[in-house]
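Close look at the chain arrangement
Listed below are the residues making up each chain.
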Amino acid sequence: MYIEIDFSSSEAIYQQLCNQIIYGIATSQYEDGEALPSVRELADEIGINMHTVNKAYSLLREQGFVKVDRRKGAVISVDDNRDRAIETIKKEIVPILAESYCRGVPRETVHELVDQIYNAYEGYGTADNPKA
C-alpha cells in the first residue's frame, strides 16, 4: 500500500489518509475484500501515531468504505447505498460550490471540472488508460 502524507498540509493527517484510500479504491489500486495493513503496520510505515490511523479507519468504516473483520482486520468493503452517498456528496460539495460562486467561477466551468474528474475514474481499466 502506497500512502503519501503531506506533513506540512493544513489538512488533518487522518483525513489525508482517508482521502488516499478512497482514491485508491476509485482507481482500482485497492479492491473490494482486500485487507488493509494493521493499524500498527500502517502507522509504522508512514511514521504517524497509531491513533491517527485508527481514526482514519473508523471514519472510513462510518462512511461505508471499510468493514472490520475479526480475522483480517480492516477490509475494503464499499457500501453501495446511493442515498447515503448522495447526502455525503451534497454535504461536502456545498462549501466548494459556494466558494466557486463567490469567486465568479462559471457554472459551466464547474460542470467541466466535475466531468473531467469523473471521466478519469471511469477510464481506469480501459485499453487507453490501464489500471494503475
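Reading the values: the criteria
- Residues numbered from 1 in each chain as written.
- Predicted model: local features only at pLDDT ≥ 70, side-chain atom pairs only at ≥ 80, totals over all residues.
- Heavy atoms only, no water.
- Salt bridge = Lys/Arg side-chain N within 4 Å of Asp/Glu carboxyl O.
- Helix = DSSP H or I, 4+ residues; strand = E, 2+ residues; numbered from the N terminus.
- Buried < 20%, exposed > 50% of the residue type's maximum accessible area, 1.4 Å probe, protein only.
- Axes fitted to C-alpha atoms, helices over the stretch in contact; angles between N-to-C directions.
- Parallel < 35°, antiparallel > 145°, perpendicular 65-115°, else oblique.
- Left-handed = near helix turned anticlockwise from the far one by under 90°.
- Contact = heavy atoms within 4.5 Å.
- Phe/Tyr/Trp six-rings, centres within 6.5 Å; stacked < 30°, edge-to-face > 60°.
- Lys NZ or Arg CZ within 6 Å of the ring centre and 35° of its normal.
- Pairing = 2+ DSSP bridges.
- 1 Å grid on protein atoms, 1.4 Å probe; cavity = no way out; pocket = protein on both sides within 12 Å on 5 of 7 lines; lining within 4 Å.
- Points joined across faces, edges and corners; volume = space filled by probe spheres on them.
- Nonpolar A, V, L, I, M, F, W, Y, C, P; charged D, E, K, R; others polar.
- pLDDT = per-residue confidence, 0-100.
- Expected span 1.5 Å × (residues − 1).

Structural notes on the pattern of salt bridges
Summed over all chains, the structure comprises 4 salt bridges. Between Lys90 and Glu87 there is a salt bridge, and its shortest N-O distance comes to 3.7 Å. Note that Lys90 and Glu87 are positioned in helix H4 (residues 82-102) at a spacing of 3 residues, about one turn of the helix. In this structure Lys90 comes out as partly exposed when scored by relative accessible area, which is 46%. Judged by relative accessible area, Glu87 falls into the partly exposed class, the value being 48%.

Considerations on the packing of helix H1 (residues 13-26) against helix H3 (residues 50-63)
Across the interface, H1 lies against H3 with an axial gap of 8 Å and an inter-helix angle of 50°. On the basis of their axis angle, the class for H1 and H3 is oblique. The handedness of the crossing between H1 and H3 comes out as right-handed. Contact residues: H1 offers Ile13, Tyr14, Gln15, Leu17, Cys18, Ile21 and Ile22, while H3 offers Thr52, Val53, Lys55, Ala56, Tyr57, Leu59, Leu60 and Gln63.

What to know about unusual backbone geometry
Phi is positive for Ser28, which is not a glycine, with a value near 65°. With respect to the secondary-structure elements, Ser28 resides in the loop between H1 and helix H2 (39-46).

Regarding the packing of aromatic side chains
All told, the structure shown has 1 aromatic pair when counted by the stated rule. Taken together, a centroid distance of 6.0 Å and an interplanar angle of 70° make the contact between Tyr23 and Tyr121 edge-to-face. You can see Tyr23 sitting in helix H1 and its partner Tyr121 sitting in helix H5 (residues 107-122), a full 98 residues away along the chain. What makes Tyr23 partly exposed here is its relative accessible area of 39%. Sitting above the plane of the Tyr14 ring, Lys55 keeps its charged end 4.1 Å from the centroid.

Section: the pairing of strand E1 (residues 66-69)
Both E1 and strand E2 (residues 73-76) contribute to a ladder of 4 bridges, which runs antiparallel. Considered in E2, the bridge of Val68 is made with Ala74. In textbook terms, the turn of a hairpin is the stretch between consecutive antiparallel strands, and for E1 and E2 this stretch comprises 3 residues.

Some thoughts on the layout of surface pockets
Counted as a void, the largest pocket has a volume near 2,000 Å³. Forming the walls of the largest pocket are 39 residues, and the residues nearest its centre are Ile22, Ala26, Phe65, Ile89 and Tyr121. When contributions to the lining of the largest pocket are tallied by element, the ones reaching two or more residues are H1, H4 and H5. Class assignment for the residues of the lining of the largest pocket results in 23 nonpolar, 10 polar and 6 charged.

Here we look at the confidence of the model for the chain
Any region with low pLDDT has predicted coordinates that should not be read closely. Within the chain, residue pLDDT values average 89, and 93% of them lie at 70 or more. Between residues 126-132, whose pLDDT stays under 50, and residues either more than four places distant or in other chains, the model counts 12 contacts.

A closer look at H1
Taking 1.5 Å per residue, 14 residues should reach 20 Å; H1 reaches 20 Å between its end C-alpha atoms and fits that length. Residues of H1 that are buried include every one of Gln16, Leu17, Cys18, Ile21, Gly24 and Ile25, and no others. Those residues of H1 that are buried are in contact with H2, H3 and E2. In the stretch just after H1, Ser28 is the one whose phi turns positive, near 65°.

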